[in-house]
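# Overview (structure and organization)
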Number of protein chains: 2
Amino acid sequence: MSVKVFLNEDEIPRQWYNLAPDLPSPLQPPLSPADGSVVPPEGWAKIFPMNLVEQEYSKERWIDIPDEVLQMLYRWRPSPLKRAVYLEKALDTPAKIYYKDEGVSPPGSHKPNTAVTQAWYNKQFGTKVLTTETGAGQWGSALSFACSLLGLECKVFMVRISFEQKPFRKIMMQTWGANCVASPSTETNSGRSFMEKYPDTPGSLGMAISEAIEAAVADESGQTKYSIGSCLNHVLLHQTIIGLEAKKQLEKIGIKKPDIVIGCAGGGSNFAGLAFPFVYDKINGADIEIIPVEPASCPTMTRGMFAYDFGDTACTTPLAPMHTLGHSFVPPPIHAGGLRYHGMAPLVSQSIVEGLLTPRNVHQLECYASAIQFARTEGIITAPETSHAIAAVIQEARKAKEEGKEKVILFNMSGHGLMDLNGYLQYFEGKLQDYAHPQEEIDRAEAELADYPKPSMDKTGKW
Amino acid sequence: MSVKVFLNEDEIPRQWYNLAPDLPSPLQPPLSPADGSVVPPEGWAKIFPMNLVEQEYSKERWIDIPDEVLQMLYRWRPSPLKRAVYLEKALDTPAKIYYKDEGVSPPGSHKPNTAVTQAWYNKQFGTKVLTTETGAGQWGSALSFACSLLGLECKVFMVRISFEQKPFRKIMMQTWGANCVASPSTETNSGRSFMEKYPDTPGSLGMAISEAIEAAVADESGQTKYSIGSCLNHVLLHQTIIGLEAKKQLEKIGIKKPDIVIGCAGGGSNFAGLAFPFVYDKINGADIEIIPVEPASCPTMTRGMFAYDFGDTACTTPLAPMHTLGHSFVPPPIHAGGLRYHGMAPLVSQSIVEGLLTPRNVHQLECYASAIQFARTEGIITAPETSHAIAAVIQEARKAKEEGKEKVILFNMSGHGLMDLNGYLQYFEGKLQDYAHPQEEIDRAEAELADYPKPSMDKTGKW
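Predicted, not measured: the structure shown is a model, and the values here were computed from it. (Residues numbered from 1 in each chain as written. Chains lettered and ligands numbered in written order. Predicted model: local features only at pLDDT ≥ 70, side-chain atom pairs only at ≥ 80, totals over all residues. Heavy atoms only, no water.)

## Quick notes on the relation of the copies chain A and chain B
Overlaying chain A with chain B gives an RMSD of 0.0 Å, the required rotation being 180 degrees about an axis along which the chain moves by 0.0 Å. The transformation just described matches what one would write down for a two-fold rotation axis. Across chain A, the smallest distance between a C-alpha and the rotation axis is recorded for A:Val104, namely 2.9 Å. Comparing contact sets, 100% of the residues at the interface of chain A also lie at the interface in chain B, consistent with an isologous, same-surface contact. (Least-squares fit on C-alpha atoms with pLDDT ≥ 70 in both. Contact = heavy atoms within 4.5 Å.)

Okay, here's the thing in structure tokens:
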């Protein structure tokens, strides 16, 4: 029937793919904001377990997936590869559109791929408690799920306005036994100081990150660590199982390579998870167009700078080499909360600089219109983040029709939208709008980052 | 790894199983409330297409699944058979617990199995519009999804109080292009008359059924039909793909038969879907305990009568032979809305009378406690309906431990609970309660049904 392709148990990938050693130029390192020196692995020891830090710095192309991690992933993986036959028909396109359905995980997105993995490595290392931040709750719920499977405690700092306005993911976290508090909270020094300084603040991801890191570092026993849902190399590594499965699934139905690979990108993890195994093919000569898609209102890749910047608003992280709109940029209130981030994963950013990716941005209203067309043809209601990928897929399918080419388009259906239905309602009621990214914002970011160290694309590998 | 079993494409069941011809006594027929005569197939012609009515009356054991229906089912089927290894460990039981995960369908439950099938048969028959009723929205959203795949119009009458209090499934229906209105509505005679009589009514499933049927019958072109989500023979038939898949999946891992089969039962469709293929084995000598589970507050099977009664509160349907608490019984406001029904599918009811099933009831608080244990071990947050099955599974797993027996328990994970998280929150906040079913209610039902025709269990097949 070929509308869906499974993998048998013995076909499941047993290694993750690490893009770092295959990048044409060496991956730029994180730098200390204090003196611009390279942050060594030990520099992360207080917040991450060293087995994950080792992956963060690894130059190995293939990294074994531990058997116990595979056992957990196997509860919902391999995710099905589906062909969007109804959407193709509606678009009357010669393109063949395939997608990985990551919505089949219990929390409903790709996030658990790295959540269970990080929780497992932490448990091996002796960690008892994981802390993290969450915006709308997608990542917080995935980590809560992972910790419940492994018997770890989980502490989630959730941006206050989401905590109050979006109670459902909070209930999910509670059902999985996690302790979720509104951030800023009274539980950390930074939280108390944010509350004193801005008593009526709705909170922000930047504040929540500061609290989660502080809560981890404050435990002098070393048994509390921090966990992050995107951006860093080891997180993207864990997601590559998506693309590795997809390659095997395409092979099973006789497709040697896709012509176009598409994913939405906020921090970069779902995009990289699908795309990096195909970036490897592209580096080795395959003709594939690889498109990360972002909101036009938060155009990190398409209008941001490739520069050293902080990962958080409060400037507590090391400096990362990435596409950025400046750490003080506050994205407009679009519904795709997971794409409202000023930066981008260094591995994705450097791949853009290398010319391996062709990023694109799309406005919110086009995304919702595309998601509704997808729901009414394929039957799946997607997350607002995923709708960005779908908008680009529909653009490419229309282009294939104009060109009369039977292209194979592959995209990542990164999550379902059943917890995000209010955005659809507001769209139907005509209450949503598009937001421009004005030139002043770009000027402001350039000024903000003017005195920071600059990444070197020196191919000698010397920093 | 055997924590999950898939089926290959060529192993998917291609026929549904019809229990009717295998029941020891002939299935009791529906009767006309006017004169007690048997309702012939033509009696349903105004509300259902004749190809589905034919299935309703069929005496064939195996009925072919049309290829185009299989293609649609194949988008999310076969559903995985998973082993609850984490739950087993937490319970320290020698029992092996397996479950079918029906939550992987786009609307999140087993309901689409019959929704896409009914929509397809209707389309073949020339139907352009399907009407239905829905309480909390599980069935209405499944039919909306099915109609969107097949290009049919869908009109859903949603019980007013749910329409107002539970907006999310309404948004799902809207996203799939359905027209969902609060019932009672001003669109039908019965709706207008309900509103005149009870201006402040919160609505009821009984009223919504009356409106949906009236809206179908009122279209004199015959192109509008009514669709039902449970209870009737053809609906249960379409769900048997669940149990047929489960049998093949158990065989694949070397399990000849389960010792215990469990499903929750409101109208009976998810329970029958899993159980009937095993009822067939039991009729043919297999030693299997088969347990439908219902709320203690709505104990249709365990404390109701086997009698002829109306399917709806407004007394507009034919009389059905079933376990019932009387059509005017109003179940207490438990969160498992899909189990708040006064009756039970005739095929399930008659199987109980034949001694093939051993029904059980469970109180709400035990169900939530069980669902939370399941979420914190297996990682899946289940629907409140499904929690009834899980409560019985945990009871049986504990019993297996006491007896020291390595039993195989199979149950139906009929749907995820991501749209029903408020019930969990109320449980955590201590706001939920159990409800007794008082003797006066039983006396009232007996009086209500005293003058109705009685089912005959005469094994000659003569009525």
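From this point, the narrative continues.
## Structural notes on the sheet that holds strand 7 (residues 153-159) of chain A
Residues and elements named next belong to chain A. Taken in spatial order, the 4 strands line up as 8-7-6-9 in an open sheet, and their pairing is parallel. Of all strands in the sheet, those bounded by a partner on one side alone are strand 8 (179-183) and strand 9 (224-226). Each neighbouring strand pair of the sheet contributes to a mean axis angle of 25 degrees, computed without reference to strand direction. As judged from the 6 bridges shared by strand 6 (residues 129-134) and strand 7, these two strands associate in the parallel manner. By the bridge assignment, Leu130 is partnered in strand 7 with Cys154. (Pairing = 2+ DSSP bridges. Helix = DSSP H or I, 4+ residues; strand = E, 2+ residues; numbered from the N terminus. Axes fitted to C-alpha atoms, helices over the stretch in contact; angles between N-to-C directions.)

## Overview of the nonpolar core
One finds A:Phe276, A:Phe278, A:Ile290, A:Val348 and A:Leu410 to be the most contacted residues of the largest nonpolar core, which totals 137 residues. Setting aside chain neighbours within four positions, we find A:Val348 in contact with A:Leu236, A:Gly268, A:Phe271, A:Ala272, A:Phe276, A:Met301 and A:Leu357. If you look at the next biggest cluster of nonpolar residues, it comprises 52 residues, including B:Phe271, B:Leu347, B:Val348 and B:Ile352. (Core = buried A, V, L, I, M, F, W, Y, C linked by side-chain atoms within 4.5 Å. Buried < 20%, exposed > 50% of the residue type's maximum accessible area, 1.4 Å probe, protein only.)

## With respect to the pairing of strand 10 (residues 260-264) of chain A
Residues and elements named next belong to chain A. The element strand 10 is largely enclosed, with a buried count of 5 among its 5 residues. Both faces of strand 10 are covered, namely the face carrying Ile260, Ile262 and Cys264 and the face carrying Val261 and Gly263. Inspection of the sheet shows strand 10 paired to strand 11 (residues 289-295) by 5 bridges, in the parallel sense. Its bridge partner lying in strand 11, Ile262 is registered against Ile291.

## What about the interface of chain A and chain B?
With 50 residues of chain A in contact, the opposing surface of chain B contributes 50 residues. In this assembly, chain A packs against chain B so that about 4,700 Å² is buried in total across both faces, 60% of it on carbon and sulfur atoms. At the junction of chain A and chain B, the tally comes to 2 salt bridges. A:Glu378 serves as the salt-bridge partner of B:Arg75, at 2.2 Å between the closest nitrogen and oxygen. The tally of links between chain A and chain B comes to 18 residue pairs in polar contact (both at pLDDT 80 or more). Those elements giving two or more residues to the side of chain A that touches chain B turn out to be helix 2 (67-73), strand 4 (81-83), helix 3 (85-91), helix 5 (138-150), helix 7 (167-175), helix 15 (364-378) and helix 17 (421-428) of chain A. Residue classes in the side of chain A that touches chain B are distributed as 30 nonpolar, 11 polar and 9 charged. (Buried area = accessible area lost by both parts, 1.4 Å probe. Salt bridge = Lys/Arg side-chain N within 4 Å of Asp/Glu carboxyl O. Polar contact = N/O pair within 3.5 Å; in protein donor to acceptor, adjacent residues only side chain to side chain. Nonpolar A, V, L, I, M, F, W, Y, C, P; charged D, E, K, R; others polar.)

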